[in-house]
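# Understanding the architecture of this molecule
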Amino acid sequence: MIRWGIIGPGAIATGFASAMASVAGGRIVAVGSRSVERAEAFGDQFGIPARYGDYDSVLGDPEVDVVYVATPQSRHATDTIAALQAGKHVLCEKPFALNERQARSMVEEARSRRLFLMDAIWSRFLPSYRSLVEVISSGRIGEPNLVEADFGFRAGDPNHRLFKRELGGGGLLDLGVYPVQLCSLVLGIPEHVVAEGVVGETGVDEMVAAVLRYGGGGLGVVKAAIRTNMACTARISGTEGWIEVPAMMHCPNSLTVRTFGGTEEIDGSYDGNGLRFEIAEVHRCIENGETESPTVSLDETLAIMSTLDAIRASVGVVFPEE
Ligand SMILES: NC(=O)c1ccc[n+]([C@@H]2O[C@H](COP(=O)([O-])OP(=O)(O)OC[C@H]3O[C@@H](n4cnc5c(N)ncnc54)[C@H](OP(=O)(O)O)[C@@H]3O)[C@@H](O)[C@H]2O)c1
């Protein structure tokens, strides 16, 4: 039984704790919040025995094997490194860090301690993404050389963390990371990145468009926004056809493959909360003594962070820590 501790019991931690109910082999044994009342409320909601009014107590709890870092991205590096230094494995929410430099220090800490660490790109573990990889490997669309993807919505609350520069806000890191990881999955590491963006009055990117060029002749075209409702779809085109990824492109329930031979609909639906698939992967890795998941390797996470850095540099968003 893998024993989890959660820090930052907000929106995604609530989804995570709901998902845990349908995953075998693990349970949440501790939760830490900056407020003991919030820790108690979360503990009551999900039947978690240990509730703490700080994060350090979760890291120091000998009952905890692995920590789920669900705080805003401005804290991911500090919280992850503290958990690793306390001897815990870590699943860290996306975006993994504010930038590649922070991500590298997290990865070095985990590798030097031989502890498990993963960027929580849950899309990769969903049935639809597994099918997507299988369709591409089978050669049905030929050589894939163009990925187009967008993820954006109009965030209504101007006080939301998405608009706060000090919390690592902006559309690129929160939402754009999904189109970028899809490009990474299909095309690898880009050779060159160009981008334009619209920076709002709080200093974060509210709309971004980037083109990634790959050594093998491929292109990625990605868009993200927090003030514009986008289709949130993706298309992967190859020499023999293309794959349509419907909304939401980071957690689709199906895929459509169109080739000269016809159209194939692939069902990728599932029961329950989709975060359960990444939780199952963490269990599998820890049980097998694997310190990285081959599905979201730490080297790939570093490459994704480096692409996000390049896009953000073009757009001109700098976080206070930088
Ligand atoms: N995988 C996904 O689909 C997905 C979806 C949404 C978000 N995310 C990622 O998960 C992370 C958390 O997002 P969320 O939407 O869950 O955010 P959220 O609802 O604001 O929750 C974040 C939690 O972090 C804690 N926290 C610590 N320092 C904070 C600070 N300075 N300001 C605000 N909260 C702070 C708060 O808990 P306490 O104060 O109680 O400790 C808060 O409840 C982000 O990195 C986000 O990108 C992932």
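Summary of the structure given here. If you're wondering where the values come from, they're calculated on a predicted model, not measured in any experiment.

## Some details on the pairing of strand S11 (residues 234-238)
Most of S11 is tucked away: four of the five residues are buried. Across five bridges, the pairing between strand S7 (residues 144-152) and S11 is antiparallel. Looking across to S11, one finds that Pro144 is bridged to Gly238. Pairing between S11 and strand S12 (residues 241-245): four bridges, direction antiparallel. Residue Arg235 lies in a different strand from S12, and its bridge partner there is Glu244. Counted between consecutive antiparallel strands, the loop separating S11 from S12 contains two residues.

## Considering the environment of Ala303
Tracing the backbone through its elements, the reader meets Ala303 in helix H9 (residues 298-315). Note on Ala303: relative accessible area 16%, which makes it buried. Considered as a pair, Ala303 and Glu240 are 63 residues apart in the sequence and their alpha carbons are 28 Å apart.

## Some words on the side chain of Gln73
With respect to the helices and strands, the residue Gln73 is situated in the loop between strand S4 (66-69) and helix H4 (76-85). There is a polar contact of 3.0 Å between the side chain of Gln73 and the backbone oxygen of Gly168. Within the structure, Gln73 has its side chain in polar contact with the side chain of Asp174 (distance 2.6 Å). In contact with Gln73, other than residues within four places in its own chain, are Pro95, Leu98, Arg161, Leu167, Gly168, Leu173 and Asp174.

## Brief notes about the nonpolar core
The biggest cluster of nonpolar side chains holds 106 residues, and the ones touching the most others in it are Trp4, Leu182, Ile236 and Ile311. For this core, the element with the most residues is helix H7 (residues 171-187), which contributes ten residues.

## Structural notes on the site of the ligand
Looking at the ligand, there are 23 residues lining it, with Ser33, Arg34, Arg38, Tyr55 and Gln73 nearest. The separation between an oxygen atom of the ligand and a polar side-chain atom of His76 is 3.2 Å. Contact with the protein chains hides 82% of the accessible area of the ligand, taken as 880 Å² for the molecule alone. Taken together, the elements giving at least two residues each to the shell around the ligand come down to helix H1 (11-20) and H7. Residues that form the shell around the ligand fall into these classes: ten nonpolar, six polar and seven charged.

## Regarding the sheet that holds strand S2 (residues 26-32)
Strands belonging to one sheet form pairs held by backbone hydrogen bonds; the direction of such a pair is parallel or antiparallel. The sheet built from six strands is open, its strands ordered S3-S2-S1-S4-S5-S6 with parallel pairing. Two strands in the sheet have a free side with no partner beyond their single neighbour: strand S3 (50-52) and strand S6 (117-119). The sheet shows a mean angle of 20° between the axes of neighbouring strands, direction not considered. Pairing between S4 and strand S5 (residues 89-92): four bridges, direction parallel. Within S5, the residue paired with Tyr68 across the bridge is Leu91. Sheet contacts for helix H2 (residues 36-46): strand S1 (2-7), S2 and S3; angle to S3, the most-contacted strand, approximately 160°.

## Here's the deal with the packing of aromatic side chains
Per the stated rule, a full pass over the model turns up five aromatic pairs. Arranged with centres 5.1 Å apart and planes meeting at 70°, the rings of Trp4 and Phe16 form a pair that is edge-to-face. Placement of the pair is Trp4 in strand S1 and Phe16 in helix H1, with a sequence separation of twelve residues. Residue Trp4 shares its accessibility class with Phe16, and that shared class is buried. Their ring planes at 50° and their centres at 4.9 Å tell us that Phe42 and Phe46 sit as a pair that is tilted. Taken as a pair, Phe42 and Phe46 lie in helix H2 at a separation of four residues, close to a single helical turn.

## Brief notes about the state of the cysteines
By the definition in use, this model includes zero disulfides. Between Cys183, a free cysteine, and Cys232, which holds the nearest cysteine sulfur, the sulfur-to-sulfur gap is 15 Å. On the basis of relative accessible area, Cys183 is assigned to the buried category, the value being 0%. With no disulfide of its own, Cys251 lies 9.6 Å from the sulfur of Cys232, the closest cysteine sulfur.

Cut-offs and rules
Position numbers for residues count from 1 along each chain, tracking the sequence in the order it is written. In keeping with the predicted nature of the model, local features appear solely for residues at pLDDT of at least 70, side-chain atom pairs appear and are counted solely at 80 or more, and the whole-chain, interface and lining totals rest on all residues. The side-chain quantities take in all heavy atoms of the structure and omit both hydrogens and water. Any residue under 20% of the maximum accessible area for its type is buried, any over 50% is exposed, and the rest in between are partly exposed; the area is computed with a 1.4 Å probe on protein chains only. Labels follow the DSSP assignment, with helices taken as runs of H or I lasting at least four residues and strands as runs of E lasting at least two, numbered in each case from the N terminus. Here, strands pair whenever DSSP counts at least two bridges between them. In protein, a polar contact requires one atom able to donate a hydrogen and another able to accept it; more generally it is a pair of N or O atoms within 3.5 Å, and residues adjacent in sequence count only if both atoms are side-chain atoms. What makes two residues a contact is simply this: any of their non-hydrogen atoms within 4.5 Å. Among buried residues, the Ala, Val, Leu, Ile, Met, Phe, Trp, Tyr and Cys ones that are joined through side-chain atoms within 4.5 Å form a nonpolar core. Definition of nearness: a residue and a molecule or strand are near each other if at least one heavy atom of the residue lies within 4 Å of the molecule or strand. Note that accessible areas follow from Shrake-Rupley with a 1.4 Å probe, and for residues the cover is restricted to the protein chains shown. As a working rule, the residues Ala, Val, Leu, Ile, Met, Phe, Trp, Tyr, Cys and Pro are called nonpolar, Asp, Glu, Lys and Arg charged, and the rest polar, with Gly in that last group. Each axis is a line fitted through C-alpha atoms, taken for helices only over the stretch in contact, and angles between the N-to-C directions span 0 to 180 degrees. Any two of the Phe, Tyr and Trp rings considered here, Trp counted by its six-membered ring, make a pair once their centres fall within 6.5 Å; the pair's planes then place it as stacked at under 30 degrees, edge-to-face at over 60, or tilted in between. Disulfides are defined as pairs of cysteine sulfur atoms found within 2.5 Å of each other.

Remember, this is a structural readout, not a statement about activity or role.
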